[in-house]
Every structure is written in C-alpha cells, then in structure tokens.
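Coordinate inspection notes
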Amino acid sequence: MPDSAFLEAFGLIATANADLYEILWLSVQVSITALLISVFLGFPIGTTLAILDFRGKNLCTTLLNALMGLPPVVVGLLVYLALSRSGPFGVLGLLYTPTAMVIAQVVLITPIIAALTYQVMDDLHREYRELFLSLNIQLPKAISTYLWDARYSLITTVLAGFGRAISEVGAVMIVGGNIDHLTRVMTTAIALETSKGELAIALALGVVLLTLALIVNGLVTAVRTRARKYGYT
Amino acid sequence: MTLKETLRTISIALFIPLGSTLAVADSIIVQSTTSTKNSGLYDHILPIVKEDTGITVNVVAVGTGQAIKNAQRCDGDVLLVHAKSSEEKFVAQGFGIKRSDLMYNDFVIVGPNNDPARIQGSKDVSKSLSAIVSNRALFVSRGDDSGTHKAELRLWQASGIDPASASGSWYRETGSGMGATLNTAVGMGAYAMTDRATWIKFGNKGDFKIHVEGDTRLFNQYGVILVNPKNCPNVKSSAGQQFIDWLLSDRGQSIIGSYQVNGKQLFFPNAN
Amino acid sequence: MVTPKAPTSNQSEIPCIGTMNLGLTIRGSTLLNDISIQVTTPGVTMILGPNGAGKSLLIKCLHGLIAPTRGRFEIGLHQRGKTIPQAMVFQKPVLLRRSVIDNLQFADRHSHQREALERALEAVSLLEKKDQPATQLSGGEQQRLSLARALITKPKLLFLDEPTASLDPASVLIIEQLIKQASQQGVKSVFISHDIGQAKRLGSDVIFLNRGQVIEHTDAATFFTNPHSREAKAYLDGEIVL
C-alpha cells in the first residue's frame, strides 16, 4: 500500500496533475501570505516585549507562550464565528474564501513567531544591552541591529511558522470549507481523500506535503549550519 | 531586482489571486451533506450547471445537522441535505423559503465478510439491528447529528433498542463524516449504516460488503431549500433559485439520474 | 584614606571623577557602600581588590550602566562640568554578529574613512582578519577588537573591566601598549585588574576596594611599597582577603 502511494505521488507530480498543482499553489499562497502578515506583527511584538521593561511583562510573555499552543480547531471556530455572515464581520463576506484561511493561520502562527522572536531577542538584548548603553546607541538603531544580528535565528523562526501554517488542517477546514477549486489546500484535500477511503491518493498528497516539509527543514538546517560556521548562533 | 521590488512582486503574486476570488459575481455557497460530495455527484453536475447558467457553485460538505446550523447563521445560499423533518422545521421557522424533494437513494448496512451477527441477505432492518446487539457485534455510528445519523437513530428506536446506553461499548459514535466513519468501521470490523452512494464510491472497503438492503425504512430522501433572504439579506437569492430550478428541471433531473459509478446509478431523481 | 595630590594647571583637559557617599543596594544586600573618591590625576587609575569587592559595579555606576541607589557622582573636565565622551571595555567581549571591520564601524560616531578604521585594526594587529566574522576570533583577538572599538569613539575617559583576564601574553602586551599610548594622548583610564604586575606597569594611582568599600586610594608607588591598610597588605602578599 505505501509503495503504491509513493508511485501515485510521483505519478501525480510527473504528469503535472493540474488539480494537484492548483491545490499545492493555493496552500503555498495562503501560508506565505499568512506568514508575511504574522512576521509583520510577530517581529515587532516579540522585539518590543524583549527590549522594553514594563509592569506586566511576565504576564505578557506567559500569555504569548500559552497562545503558541492554541489548538487549530479552536482558532478555526473563533474565526468562523467572527466571519460568519451573522457574526460581527459577516458583512465582509470572507467566510469560505482563501482570505478567511489566511486570517485563521495568522491567528495561529503570529503567537508562535512573536514568542520565538521574543526568546531570540531577549537573549540578544541581555548580551548587547550594556554595550549599547555604553556606546549610546539609540533605540531605532538598536532594534535594527537586533533584527540583523538575530537574522539566522529569525529565519529559523519564520520557517517554523511556515511549517506550522502549511501543515495545519483543523482551522482552514472550518473557515475555508474545503471548496474544490476555491479553498481546497493540501491538508484539507488529504482529509477529504481519507474520508472518501481513497487512502492511496491521500497518502500520495501526504508525500507531496512531506516533501515540502523536508525542503523547509532542509533550509532550517542549512541556515543553522551557516550560522554555526560563522559563530552567529 | 532590489529588495523592495522583490517584495512588491511577491505581494502582488500572492494577494491579487486571493482577492480576485472574492469578486466572482455569480457564485453561490451550497451547504451540503458529505454523502453527496463524497459520492462525486457534484463533480458530475457542477461543470454542467456552470455551462448552462454561468453560476459557480461552491460546496461546503458537512453533516446535515451542521449544514442546517451554518445556513441558519446565513453562511450559505442553498441547503441540500437529507433529513426531511429537520428541513421542514428549518422552513417553518422562516430560515428557508421552500423545501423541494430532489432525489433519493437508500441506506444500507455494511459489515465485515465474516458477518458475526449473521444478518447477510436480511431485508428486515429491525431484526438485523437486534441481531447485532444480541451477538455482541460492534456497530459504528456517525454520532454527528447528520441526516444519516438521524435516520439510524429512528431505526434503533423502531427496533426498541437504546444504543446510547451502550455508547463506548459495542455502540461507537465517531462524531465524523460518513467516510471517516466507514474507515473506522473497516478498521474495527464493525457494522455501520451508510448511504449507498458513499458506499459505492468508497475506496477503502477492505473485506466489507453490504449485508442489509431493500427495507422500505432504509429510504433516503434528499431535499433542497433556498435560504430565506428575509432572514439573511446577503443571500444571493436569484442565483440560488436559478441553481435550484436547474436541479428540479427535467434536464437537471436526468443529469442527476445519469451519474453512475462502476455502472451503478447512485441517485434517483424524484422532483415533483 | 589619603587624598591624592591636587591637579596641576596643565592637566586641565584631564577628566576628573568625583563621588560623594555613593552606594548601591540591590534586593536588600549592600554592594557598594559610602564610596567617596576624587580622581583628578591623568594616566591610569587602577582598581584592585578581591573578587566580589564591587569593582565592576563601581565602574558600571560611573559609566552610567547602573544607577546608584545612594549618593551622587560627577564626571567632568576641570574647566567646566560638561559631559565628556567615555567608553568601556567589558570583561567578556561583546561583539556583534558581523565582520571585524563592521564591528568597528558600528561604534564609529565620527564617520571615519575606511583607511582610518583599517589603521585602528592595524594597531591591534587585526588588519588581516578584518573581513572575518568577529565571533570567530580568539579570546585575545576579541578583546583587542573591543579595545579598538572603544578607542574609535574617541573617548576622553575609558573604563576597562579586567580586559586582560585570562588572555594570551601577546594580546595583553598589545592592550597595555594601547592604554599607555592613549594616556599620553590625554585619555584618562580606569582599569580593573587582578594582576598586580599589570597594576605596577600601568597604574598612576590605585583604588583598593573590599566588600563594597574604598579601603585605600593612593598613588601607585606608595600603594605597592607602603600600603596603609591591613587588607591591602594582605592582598599584595597574596593572601586571601575576606
């Protein structure tokens, strides 16, 4: 059975199966869009938390770490209730669109990006704080320096967020509806094929997703190796 | 290319297609059962609908119970399910405009080849269910308030058995769609009730086969309802009605009837 | 405690440091207590004392990295009390994750030409490594780069927190030479060390700290030949001072 699934997977790829590429492309589009937004939100949140000292900082970081573990179906449900036509944002008509899936993934991975960014920046801030005080480095230059010097760790963070987004099924299933040619992505297609009992096709899609995950992890390893080579970890 | 240009290109490539899907004028959302979707019926009829009417039909396939709740929240234009009393209630409460019979097929009880309850060939569903209980065989239920689940519960009731009291022992509720439930049944070697269309199309049958069929109580009627625009102002009522009219038309009915898998007709049109 | 001799007129460009009852208490424990010193001499002021005496905390207070909880201090030129440029070299070098020369450029407030930066690297024997990642340098090289970075800011006052602890002798030599050179050019240094030989080589005056208090502040010659306090005597004799 697994053999035939692998054959099927390569068959799908080799024959340039149009449906497969459509699904794969939508998966990548949705997850990368969500990732860009999450990075745009998560980097400043994590960095601000790391650099600033304020009352309730511990509470914020605890909350952020807790949000990292948000169950996707709960996120899906909350976004569904918000975007439902009878919900607060119903007038926008976003439910069952790729945008809804992007929103769900943003809710899901922004805390991950922010929390990992916080950890990276907190370490760096402890190391650099006195030097920057001594050199009288102003905050904007300090922040850009932190971002640049943490670049390898931050790339890893971003790739981790992407891995989480592309492999997530619970939330996008609820808010996207797994509509053919509109909101069907790799994970919901796998769920559908499994429910149709087409386990070989499901596994074939799984192999494609796994390949994508392997590529991402390969990139993480490459980035880490490079960082270690320079002593930039 | 500078970094700025690259980012701009990426954002255009990513956002434009995502945005454009929102702007499709004549597209409707159908809240539907999993059985019609998993059977492949929509793949058969929707391209023809698109050709005939220009309407793009987006199908969200969930259990009948959830489909009705989603439609009540206005998250759909058309409801296509199979639980007549719930459908009539939906219309009576003002959520839907009018319910029309669309098509039917039937439920069957499937189980492992070794048939521990010895019900193979039975045409009496009540006796078969009793035999499953008395032989301590396993039965996997949808348990998700779907049309199939409701029909199954009615049959237990008619047989004088309360399966809920055995939930977790021989009676196992998956709370999932038809396909997932069948996968579970095959995995456990348990009996399950399914609509015939899903079963014929199902790809992971293992050594399972149909044991019980042909009882009139296993009749499975599908209905179609337009969501009421008075209750949900954003319902695309004209496109939705056009889709329903097509389904109920002679052409639509004959196309539904022409859908076959492995040489077997899956749905029998019966619009008035 | 002996007050060092008053400054002469030609030292008017030398920054002076004055503290009045300076104290630091963190979470109930007193780490610096009633520190009152006047540093008015040019050259290198050595701060000596056993581990935990509060040497690092004192210069971090003076450099503005830690706010003292009691007392006050002033740093200024003799002529008028304006703020003066200062820099610090930490015990553990803190280098940015970029090349050697980029580390130098990061601290450069004066937009030096590339040649000037390269000359500064030459002075600490790091020119041929200018494009290497700074974090790959050896400990001695990292500390030399730290000193070059501190000097590129053109400080009038330089704080050094055990910069040569556990470094290779070649690096120690380079660093000591640069400090002496800077002194000749009018840079005032405050230098923490555990190395009595180094203190003798560099110091013009010595502040001896123990348990957060100034035990003795005197010129170097007096300190090494005829220390006043029992603790300083014991310290110089290599005994454990508690």
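Everything that follows concerns the structure shown earlier in this document.
Description of the structure in this document. Quick caveat, the model's predicted, so the values are computed rather than measured. (Residues numbered from 1 in each chain as written. Chains lettered and ligands numbered in written order. Predicted model: local features only at pLDDT ≥ 70, side-chain atom pairs only at ≥ 80, totals over all residues. Heavy atoms only, no water.)

Re the interface of chain A and chain B
Listed per partner, the contact involves 32 residues of chain A and 31 residues of chain B. Both faces combined, the contact of chain A with chain B buries some 2,500 Å², and carbon together with sulfur accounts for 56% of it. Looking at the side of chain A facing chain B, the largest losses of area belong to Arg85, Tyr96 and Lys196 of chain A, adding up to 26% of the total buried there. At the junction of chain A and chain B, the tally comes to one salt bridge. A salt bridge links Arg85 of chain A to Asp77 of chain B, with the shortest nitrogen-to-oxygen separation between them at 3.2 Å. Connecting chain A to chain B are 14 residue pairs in polar contact (both at pLDDT 80 or more). Elements supplying a minimum of two residues to the side of chain A that touches chain B: helix 2 (18–51), helix 4 (72–83), helix 5 (98–135) and helix 9 (186–195) of chain A. Per-element tally for the side of chain A that touches chain B: the top contributor is helix 2 of chain A, with six residues. When the residues that make up the side of chain A that touches chain B are grouped by side-chain class, the tally is 15 nonpolar, 12 polar and five charged. (Contact = heavy atoms within 4.5 Å. Buried area = accessible area lost by both parts, 1.4 Å probe. Salt bridge = Lys/Arg side-chain N within 4 Å of Asp/Glu carboxyl O. Polar contact = N/O pair within 3.5 Å; in protein donor to acceptor, adjacent residues only side chain to side chain. Helix = DSSP H or I, 4+ residues; strand = E, 2+ residues; numbered from the N terminus. Nonpolar A, V, L, I, M, F, W, Y, C, P; charged D, E, K, R; others polar.)

Let's talk about empty space enclosed by the protein
Leftover empty space is mapped by rolling, across the atoms, a probe with the size of a water molecule. Scanning all chains against the criterion turns up three cavities of 30 Å³ or more. Estimates place the volume of the largest cavity at around 60 Å³. Leu131, Ser134 and Leu135 of chain A together with Ala87, Met88, Val89, Phe90, Val94, Ser146, Arg149 and Ala150 of chain C together form the lining of the largest cavity. Partitioning the lining of the largest cavity into residue classes produces eight nonpolar, two polar and one charged. Approximately 50 Å³ is the volume found for the second largest cavity. If you trace the second largest cavity, you find it lined by Ser27, Val30, Ser31, Met101, Gln105, Ala165, Ile166, Glu168, Val172, Val185 and Thr187 of chain A. Only helix 2, helix 5 and helix 7 (151–166) of chain A provide two or more residues apiece to the lining of the second largest cavity. Tallied by class, residues from the lining of the second largest cavity come to six nonpolar, four polar and one charged. (1 Å grid on protein atoms, 1.4 Å probe; cavity = no way out; pocket = protein on both sides within 12 Å on 5 of 7 lines; lining within 4 Å. Points joined across faces, edges and corners; volume = space filled by probe spheres on them.)

Focus on the arrangement of the chains
By contact count, the dominant pairing among the two pairs of chains in contact is that of chains A and B. At no point do chain B and chain C touch; the closest pair of C-alpha atoms across them sits 20 Å apart.

Things to note about the state of the cysteines
All names here are of chain B. Using the criterion set out here, one finds one disulfide over all chains in the structure. Each disulfide pairs two cysteine sulfurs, and for Cys74 the partner residue is Cys232, the sulfurs being separated by 2.0 Å. Taking the sign of the torsion about the S-S bond as the criterion, the disulfide between Cys74 and Cys232, at about -70 degrees, is left-handed. Of this pair, Cys74 sits in the loop between helix 4 (64–72) and strand 3 (78–81) while Cys232 sits in the loop between strand 9 (219–227) and helix 10 (237–248), and the two are 158 residues apart along the sequence. For Cys74, a relative accessible area of 7% translates into the label buried. (Disulfide = S-S within 2.5 Å. Buried < 20%, exposed > 50% of the residue type's maximum accessible area, 1.4 Å probe, protein only.)

A closer look at the interface of chain C and chain A
Contacts between chain C and chain A engage 21 residues on the former and 22 residues on the latter. Each partner contributes to the roughly 1,800 Å² buried at the junction of chain C and chain A, and carbon and sulfur atoms together form 53% of this total. Our enumeration of links across chain C and chain A arrives at three salt bridges. Note that Asp149 of chain A is salt-bridged to Arg98 of chain C, the shortest N-O span being 2.5 Å. At the junction of chain C and chain A, the tally comes to 11 residue pairs in polar contact (both at pLDDT 80 or more). Within the residue set of the side of chain C that touches chain A, elements represented by two or more residues are helix 1 (55–63), strand 6 (86–89) and helix 2 (100–107) of chain C. For the side of chain C that touches chain A, the leading source of residues is strand 6 of chain C, giving three residues.

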